[in-house]
Amino acid sequence: MDLNFTPEEEAFRQEVRDFFAENLPDDIRDAVKNGGELTKEIMERYHAILNKKGWLATTWPKEFGGPGWGPVERHIFDEESCAAYAPRIVPFGLGMLGPVLQKFGSKEQQDYYLPRILNGDDWWCQGYSEPGAGSDLASLKTRAVKDGDEWVINGQKTWTTLGQHADWIFCLVRTDPDVKQQEGISFILVDMSTPGVEVRPIKLIEGGHEVNEVFFTDVRVPLKNLVGEENKGWTIAKYLLTHERTGIAGVGFSMLELEEVKALSKKIMRNGKPLAEDPLFAARVAQAEIDLEAMKLTNLRMLFTAQKNGSPGPETSILKIKGTVINQELKDLRRRALGPNAAPFPGSLSGSNLDVAPEGHANNAARYFNNRKTSIFGGSNEIQRNILTKTMLGL
Amino acid sequence: MNFDLTEDRQMLQDSLRRYLGDKYQIEHRNKVAYAEPFHDPAKWGELTELGALFALAPEDAGGMGGAGFDISVVFEELGRVLCPEPVLGALMASRLMTAAGADQEALLSGETRYAVGLGELDAPYDLSGLSTTVKDGKVSGRKSVVYGGQAADVFLIAAKDGDSLSVYEVQASDASVTGYAMMDGAGAAEVVLEDAPAKLLLADADAAIEDAVNAGVVALCSEAVGAMDVLHKMTVEYLGQRKQFGRPIGTFQVLQHRAVDMLTEIEQSRSIVIKAAAELGGPDATRYASMAKNLIGRAGRLVAEEAIQMHGGIAMTWEYPGSHYAKRIIMIDAQLGDTDYHLSRVAQVA
């Protein structure tokens with residue numbers, strides 16, 4: 001047992017830290033810190049900064065323009081980028097479609113799409129979930145039918161994150177309705193400007209706009225937009241679900257969140273004493289810190305296994321479940337720390353010079369409610385438990 | 001022993017349920033709850049005509065109720081529709097005015113809207129640290145997150161007066177009021193007082209304020225029970241309707257058990273509120289009000305979070321009514337003392 005990183009890994013950490021100190025613009029850092037809107041402009045600018053350094057596509061091998069990092073380097077990069085208040089890289093092109101094209105795409109698709117993803121020419125979004133196909137994704141109904149040299153697509157996708165910015169969407173569609181559900185699904189790329197594609201915003205619980213519905217009405221795309229083999233889309237979907245899941249615990253974000261909670265509890269006063277001295281609140285923070293400390297090690301242990309075996313195992317579902325729950329608890333503490341002062345609806349007090357919360361915390365309640373999504377999306381925590389039941393317990 | 005409502009309270013419940021169910025359907029509720037003045041002034045008049053406010057005050061103060069169970073009946077119904085009207089302020093003001101023997105006809109008829117300014121930025125729950133002061137009959141200080149303050153005509157302000165607290169009446173026109181919508185809808189305000197002309201309502205008001213807070217706690221807990229009951233029913237209905245893997249998700253045992261855990265907590269909540277309502281005004285009122293607020297803080301979080309989780313994405317949307325119930329239930333915890341604050345009070349009072 002040795003819990004230390006190697007000298008090379010420590011040197012790499014310092015390099016990443018220095019890079020962010022020197023290159024992350026203040027306005028981007030402040031937007032992350034204050035929970036402000038990460039606009040398309042901000043994200044494209046941030047991606048370009050990383051791309052210039054060659055660190056944008058953290059999971060890509062060198063041959064496709066990635067840094068060729070292993071799990072430990074990616075982990076160090078994630079931790080340091082979080083600690084620097086850098087945004088989370090938008091995953092749809094870089095973390096999802098890129099690896100899919102590298103494994104399943106044609107040479108032509110790789111040569112065309114991958115450089116465009118790196119350069120930020122195309123903003124991608126994901127067309128997986130449907131109103132009737134959430135946890136039961138394989139029951140999806142959006143239909144693609146061959147007509148000459150085109151696919152004709154009809155149906156609806158939902159929960160399409162940042163689809164309002166997207167130029168392209170990668171979709172799971174039904175190409176054979178007469179076989180077992182999983183065997184009639186294909187993976188197809190659709191240009192969002194194609195006639196018949198319509199994006200409608202979904203307003204979230206806290207009032208924000210991140211996700212959308214995407215409607216397809218007689219949308220015609222070239223046959224060559226199929227990725228991999230026809231009716232083998234489920235294999236791709238499964239590959240994506242297990243690909244590079246070591247970052248899924250969000251440990252870096254939770255570590256930052258814990259520091260925020262602690263700093264906040266020292267600032268908030270309750271009858272002449274800082275909230276940090278309230279034994280009940282302090283106990284809640286300590287409890288979260290204990291869970292997070294264990295999570296850090298659980299994450300590293302799985303990282304180590306992934307490094308050794310070349311790929312992460314199904315046990316990474318544990319990281320998704322516990323990682324999201326810990327982060328949700330920390331968001332609860334942020335809101336709780338403000339007490340009644342978490343009440344104002346975000347923006348409702350704008351134009352007034354009356355602060356109801358320390359800087360960066362006025363939207364703590366909104367963050368708490370928004371964050372409830374993390375135990376639902378990307379395979380709900382119930383689905384993760386089903387995966388663990390099958391793979392780890394063999395039941 | 002009898003846990004049935006009296007005939008009068010049953011009639012009050014029936015008429016409120018009919019009226020509110022009809023007039024505060026969720027689309028309308030959301031429209032008024034998030035747009036200035038963050039309630040519906042026309043319906044405020046109708047609601048008061050139904051006697052909702054008269055039920056909150058005892059007969060000798062000009063009302064027709066005032067007992068814990070009267071408050072409970074009214075607020076549970078308000079909770080069932082997430083009613084954004086500033087009734088909490090009226091209730092707490094009425095308790096203070098009853099203690100002062102003040103005329104409250106204008107309050108109970110709904111003609112004059114009252115809000116009560118207790119908490120401050122650095123003293124949101126425990127009022128021993130208030131910094132609002134009085135000098136020569138003028139009040140200075142800042143009251144934070146005053147519920148219903150955005151729509152109030154008159155504020156009752158708790159201020160430090162030597163070693164004890166006093167309650168002063170301040171006209172809204174003499175205060176600087178910044179109103180806003182709350183996360184869960186309805187309005188509140190930051191109320192800044194700078195040598196504001198004030199009329200003394202109550203000196204040595206600590207006990208009266210404690211009673212007003214206890215009444216407010218019974219009200220909020222009842223409101224939470226109403227909202228939790230609706231959200232739970234919505235969840236169970238969804239479990240029965242939503243199909244995945246070829247069958248209703250309510251046939252999965254793991255979800256069945258979690259829905260039952262919600263039910264168990266709601267029944268426990270209902271029980272502790274009955275106890276707190278029964279004790280309101282008596283010597284042990286504070287202890288039981290705190291027990292109720294603590295239990296409901298814990299139960300509310302479970303019910304709201306589990307309801308969202310079991311619905312999945314749909315309950316993360318503004319369009320789905322359940323999301324608004326979840327928000328209200330969670331945010332109630334931060335009104336008039338949260339789970340931890342009331343836990344420490346139970347520990348002290350015991």
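Residues numbered from 1 in each chain as written. Chains lettered and ligands numbered in written order. Predicted model: local features only at pLDDT ≥ 70, side-chain atom pairs only at ≥ 80, totals over all residues.

Visitor: Go over the overall build of chain A with me, naming the residues and quoting the values.
Guide: The secondary structure content of chain A amounts to twelve helices and ten strands. A globule of 395 residues ought to have a C-alpha radius of gyration of about 21 Å, and chain A, at 22 Å, matches this closely. C-alpha atoms of chain A, sized along the principal axes, occupy 75 × 50 × 50 Å. Residues counted as buried form 42% of the 395 residues belonging to chain A. Residue pairs in contact within chain A that sit at least 24 positions apart in sequence constitute 71% of those at least 6 positions apart. (Helix = DSSP H or I, 4+ residues; strand = E, 2+ residues; numbered from the N terminus. Rg over C-alpha atoms; globule rule 2.2 N^0.38 Å. Buried ≥ 20, exposed ≤ 12 C-beta atoms within 10 Å, placed from the backbone. Contact = placed C-beta atoms within 7 Å.)

Visitor: Kindly report on the overall build of chain B, identifying the contributing residues and their values.
Guide: Looking only at helices and strands, chain B features eleven helices and ten strands. Relative to the globule expectation of 20 Å for 350 residues, the C-alpha radius of gyration of chain B, 20 Å, shows essentially globular dimensions. Summarising its shape, the C-alpha atoms of chain B cover approximately 75 × 45 × 40 Å along the three principal directions. Counting every position in chain B, which comprises 350 residues, the buried fraction comes to 58%. The long-range fraction of contacts in chain B, counting pairs at least 24 apart against all pairs at least 6 apart in sequence, stands at 74%.

Visitor: Could you give an account of the pairing of strand β4 (residues 154-161) of chain B, with specific residues and numbers?
Guide: All names here are of chain B. Most of β4 sits out of view: six of its eight residues are buried. Where strand β1 (residues 114-117) meets β4, four bridges bridge the pair, whose relative direction is parallel. Looking at the pairing, Gly117 lines up with Ile157 of β4. Pairing analysis gives eight bridges linking β4 to strand β5 (residues 164-171), with the strands arranged antiparallel. Within the sheet, the bridge partner assigned to Ile157 lies in β5 and is Tyr168. (Pairing = 2+ DSSP bridges.)

Visitor: Can you explain the interface of chain A and chain B? Please cite residues and give values.
Guide: Each side of the interface is counted separately: chain A has 37 residues, and chain B has 40 residues. Only β6 (197-203), β9 (269-270), α9 (279-309) and α11 (364-370) of chain A provide two or more residues apiece to the side of chain A that touches chain B. Here the side of chain A that touches chain B takes three residues from α11(A), the largest share from any one element. For the side of chain A that touches chain B, a count of residues per class yields 19 nonpolar, eleven polar and seven charged. (Nonpolar A, V, L, I, M, F, W, Y, C, P; charged D, E, K, R; others polar.)

Visitor: Outline the UniProt feature "domain: Acyl-CoA dehydrogenase/oxidase C-terminal" (unreviewed entry) in chain B, supporting the account with residue identities and numerical values.
Guide: Within this numbering scheme, the UniProt entry marks residues 211-348 of chain B as carrying the feature "domain: Acyl-CoA dehydrogenase/oxidase C-terminal" (unreviewed entry). Summarising residues 211-348 of chain B: 78% helix, 3% strand, and an end-to-end C-alpha distance of 17 Å. (UniProt positions renumbered as here; feature names shortened; annotations may be inferred.)

Visitor: Which residues make up the environment of B:Gly117, and what values do they have?
Guide: Residue and element names in this part refer to chain B. For Gly117, the position within the fold is in strand β1. Once the C-alpha coordinates of Gly117 and Gly149 are considered, the two residues, 32 residues apart in sequence, prove to be 8.2 Å apart. Beyond its immediate stretch of four places on either side in the chain, Gly117 contacts Lys143, Val146, Phe155, Leu156, Ile157, Ala158 and Val191.

Visitor: Help me get a handle on the UniProt feature "domain: Acyl-CoA dehydrogenase/oxidase N-terminal" (unreviewed entry) in chain B, residues and values and all.
Guide: Mapped onto this numbering, the UniProt entry annotates "domain: Acyl-CoA dehydrogenase/oxidase N-terminal" (unreviewed entry) at residues 6-86 of chain B. As annotated, residues 6-86 of chain B comprises 58% helix and 0% strand, and the C-alpha atoms at either end are separated by 26 Å.

Visitor: Can you break down the domain arrangement of chain B residue by residue, with the values?
Guide: All names here are of chain B. On domain assignment, one finds that chain B holds domain 1 (7-108), domain 2 (114-204) and domain 3 (207-349). Between domain 2 and domain 3, the C-alpha centre-to-centre distance is 28 Å. Among the residues making up the side of domain 2 that touches domain 3, the classes are represented as eleven nonpolar, one polar and one charged. (Domains from an automatic or database assignment.)

Visitor: Residues and numbers for the nonpolar core, please.
Guide: With 160 residues, the main nonpolar core has B:Ile157, B:Val218, B:Ala276, B:Ala292 and B:Ile329 as its most contacted residues. By size, the runner-up hydrophobic cluster in this structure holds 53 residues, among which are A:Leu56, A:Leu101, A:Ala133 and A:Leu240. (Core = buried A, V, L, I, M, F, W, Y, C linked by C-beta atoms within 7 Å.)

Visitor: If you had to explain the confidence of the model for chain B to someone new, which residues and values would you point to?
Guide: Of the residues in chain B, 99% have a pLDDT of 70 or more, and the chain-wide mean is 97. Reported confidence for the predicted complex is 0.97 by ipTM and 0.97 by pTM. (pLDDT = per-residue confidence, 0-100.)

Visitor: So what's going on with the domain arrangement of chain A? Residues and values would help.
Guide: All names here are of chain A. When its domains are assigned, chain A resolves into domain 1 (7-89), domain 2 (124-231) and domain 3 (245-391). The gap between the C-alpha centroids of domain 2 and domain 3 is 32 Å. Tallied by class, the residues present in the side of domain 2 that touches domain 3 amount to three nonpolar, three polar and one charged.

Visitor: Quick one: what's the story with the packing of helix α7 (residues 206-241) of chain B against helix α9 (residues 285-311) of chain B, residue by residue and with numbers?
Guide: Residue and element names in this part refer to chain B. Viewed as axis vectors pointing N to C, α7 and α9 meet at an angle of 25°, and their least axial separation amounts to 9 Å. Classified by the angle their axes make, α7 and α9 are roughly parallel. The crossing of α7 and α9 is left-handed. The residue makeup of the contact of α7 with α9, split by class, is 15 nonpolar, six polar and three charged. (Axes fitted to C-alpha atoms, helices over the stretch in contact; angles between N-to-C directions. Parallel < 35°, antiparallel > 145°, perpendicular 65-115°, else oblique. Left-handed = near helix turned anticlockwise from the far one by under 90°.)

Visitor: Summarise the packing of helix α4 (residues 68-80) of chain B against α7(B); cite the residues concerned and give the values.
Guide: For any two helices packed against each other, one specifies the inter-axial angle together with the distance between the axes. Residues and elements named next belong to chain B. Here α4 crosses α7 at 40°, and the two axes come no closer than 7 Å. It follows from the interaxial angle that α4 and α7 lie oblique. Every pair of crossing elements has a handedness; the one defined by α4 and α7 is right-handed. In this structure, α4 uses Gly68, Ile71, Ser72, Phe75, Glu76, Glu77, Leu78, Gly79 and Arg80 to contact α7, whose residues at the interface are Ala215, Val218, Ala219, Ser222, Glu223, Ala224, Val225, Gly226, Ala227 and Val230. A per-class count over the contact of α4 with α7 returns ten nonpolar, five polar and four charged.

Visitor: Give me the lowdown on the pairing of strand β7 (residues 187-197) of chain B, citing residues and values where you can.
Guide: Residue and element names in this part refer to chain B. Where strand β3 (residues 138-147) and β7 come together, seven bridges link them in antiparallel fashion. Looking at the pairing, Lys143 lines up with Val191 of β7. Relative to β7, strand β6 (residues 176-181) runs antiparallel, the two sharing six bridges. Paired with Thr178 across the strands is Glu190, a residue of β7.

Visitor: Before we move on, could you go through unusual backbone geometry and cite the residues and values that matter?
Guide: A cis amide bond links B:Glu36 to the next residue, B:Pro37, at an omega of 5°. Tracing the backbone through its elements, the reader meets B:Pro37 in the loop between α2 (26-33) and α3 (41-49). At A:Trp159, a position not held by glycine, the phi torsion is positive, near 55°. By secondary structure assignment, the location of A:Trp159 is in the loop between β3 (150-157) and β4 (168-174). The backbone phi angle of A:Asn271 is positive, close to 50°, even though this residue is not glycine. Positionally, A:Asn271 belongs in the loop between β9 and β10 (273-274). According to the C-beta neighbour criterion, A:Asn271 is partly exposed, with 15 such atoms within 10 Å.

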